[in-house]
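Here is what each chain is made of, one letter per residue.
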Amino acid sequence: VCSSDLWNSTFIRRALEDDPRFAVEYRTRVAPALAAGTPRAQLDAQTLEQTSLLIVGGPGALTPADVALIDRYVRVRGGAVMLLPDGPPPPPVQALVPGAWQEQLLTAPVDVGPLQATELLRASGLPATTTTVAAAGGAPAIVTAPRGRGRLTVVGAMDAWRYRDTNNHEFDGFWSSLAQTLGEGGRALTVRFASAMAEPSARVPFTEIGRAHF
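The structure reproduced in this document is the subject of the present report. Keep in mind the model is a prediction, meaning the values are calculated, not measured. (Residues numbered from 1 in each chain as written. Predicted model: local features only at pLDDT ≥ 70, side-chain atom pairs only at ≥ 80, totals over all residues. Heavy atoms only, no water.)

Section: the pattern of salt bridges
The condition is simple: The term salt bridge refers to a pairing of a side-chain nitrogen on Lys or Arg with a carboxyl oxygen on Asp or Glu at a separation within 4 Å. Numbering of helices and strands starts at the N terminus; helices are DSSP runs of H or I of at least 4 residues and strands are runs of E of at least 2. Here's how the labels work: a residue is buried when its accessible area is under 20% of the maximum for its type, exposed when over 50%, partly exposed in between, all with a 1.4 Å probe on protein chains only.
Tallying each qualifying case throughout the model produces five salt bridges. Of the charged contacts in the structure, one is a salt bridge between arginine 75 and aspartate 71, with a shortest N-O distance of 2.8 Å. Pair noted here: arginine 75 and aspartate 71 are both in helix 3 (residues 64-75), with a separation of four residues, about one helical turn. The exposure class of arginine 75 is partly exposed, given its relative accessible area of 37%. When the shortest N-O distance is used, the salt bridge between aspartate 159 and arginine 162 registers 3.6 Å. Because the salt bridges share partners, they merge into one network encompassing Asp71, Arg75 and Arg147.

See below:
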């Protein structure tokens, strides 16, 4: 599920839509009371319960209610969230992200893992449990960290989409690989019983279909 109105998330969505492993729904908020996208893409508890990975572009536009809903999805439901900021995370989004993030604007692109970008967010003061997915100039720029039962990823390569034409295969491949890894960990826990009916207090064999662990 993508909820965004930014170029970076648009091209990430297109990369995932071209990959048959993903079923992508998206919603773009074009005005406070107006949104466009696929019919099933809603930012609500019912939709999130069935969502393995939530990608949020422009998280600064989230309301406090949105942030609370996403926080519960990660911590309690065990879901996976990828935030694509367009600047330093403002309140109330700061409560979600690990560490502190500083903006840096460059005149020439630098490598961020297999990506390139000139508009960066670099992280500092990260918890020891944080994993750096990609760095820029030695500073973490894309990180993932556990949050409750789930996982939250912050992408600081804000304009990586501008340089996708120079390494389109790597651009698409990077996001597909990251989304698959995060989505595997964000799948809902499913319990499948051997029989649909049983006597009260009876013991019934079941199969637990779990999530990937990090």
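Right, picking up where we left off after that structure.
As for the nonpolar core
Keep this limit in mind: Put simply, a nonpolar core is a bunch of buried Ala, Val, Leu, Ile, Met, Phe, Trp, Tyr and Cys residues held in one set by side-chain atoms that sit within 4.5 Å of each other. The contact rule is simple, with two residues in contact once any of their heavy atoms fall within 4.5 Å.
Met82, Val112, Leu115, Phe171 and Trp175 are the most contacted members of the largest nonpolar core, which has 27 residues in total. A per-element tally of this core places helix 4 (residues 168-185) first, with six residues. When sequence neighbours within four positions are dropped, the list of residues in contact with tryptophan 175 reads Ile12, Leu16, Met82, Leu115 and Val155. Residues Leu62, Leu83, Val93 and Ala123 belong to the second largest nonpolar core, which totals 21 residues.

Here's the deal with helix 1 (residues 7-17)
Burial of helix 1 is extensive: eight of the 11 residues sit out of reach of the surface. Among all positions in helix 1, only Asn8, Ser9, Thr10, Phe11, Ile12, Arg13, Ala15 and Leu16 are buried.

A short note on helix 3
Put simply, the test is: Multiplying one less than the number of residues by 1.5 Å gives the expected span of a helix. In this description, the arc belongs to the directions extending from the helix axis to the C-beta atoms.
Over its 12 residues, helix 3 extends 16 Å from the first C-alpha to the last, a length consistent with the 16 Å expected when each residue adds 1.5 Å. Every buried residue belonging to helix 3 is among Asp66, Val67, Ile70, Asp71, Tyr73 and Val74, and all of these are buried. The buried residues of helix 3 occupy an angular sector of 160° when the element is viewed end-on, so they sit on one face. Exposed positions of helix 3 whose direction lies more than 90 degrees from the buried face are Pro64, Ala65 and Arg72.

Things to note about the packing of aromatic side chains
Stated formally: To pair, rings of Phe, Tyr and Trp, with the six-membered ring standing in for Trp, must have centres within 6.5 Å; the planes then decide the type, stacked if under 30 degrees apart, edge-to-face if over 60, and tilted in the middle. Counting as a charge over the ring demands two things of the Lys NZ or Arg CZ atom: a distance within 6 Å of the ring centre and an angle within 35 degrees of the ring normal.
Under the counting rule described, the total for this entry stands at five aromatic pairs. An angle of 80° between the planes, with centres 4.9 Å apart, marks the rings of phenylalanine 174 and tryptophan 175 as edge-to-face. One exposure class covers both phenylalanine 174 and tryptophan 175, and it is buried. Connected via pairs of aromatic rings, a cluster forms that spans Trp7, Phe11 and Trp161. It is arginine 13 that lies over the ring of tyrosine 26; its NZ or CZ is 3.8 Å from the centre. In this structure, arginine 164 is placed above the aromatic ring of phenylalanine 11, and the distance from its NZ or CZ to the ring centre is 3.5 Å.

Points about the environment of alanine 128
Inspection of the secondary structure puts alanine 128 in the loop between strand 7 (115-124) and strand 8 (131-136). Residues alanine 128 and alanine 145, 17 residues apart in the sequence, show an inter-C-alpha distance of 9.1 Å.

Structural notes on the pairing of strand 9 (residues 139-147)
The condition is simple: Whether two strands pair depends on DSSP finding at least two bridges between them.
With seven of its nine residues buried, strand 9 lies for the most part within the structure. Bridge count for strand 8 against strand 9 is five bridges, and the pairing is antiparallel. Residue pairing across strands places alanine 134 opposite isoleucine 142, the latter belonging to strand 9. Alignment of strand 9 against strand 10 (residues 150-155), held across six bridges, turns out to be antiparallel. Residue threonine 144 lies in a different strand from strand 10, and its bridge partner there is threonine 153. Hairpin connection between strand 9 and strand 10: a loop of two residues separates the two successive antiparallel strands, and glycine 148 in this loop has a positive phi of roughly 60°.

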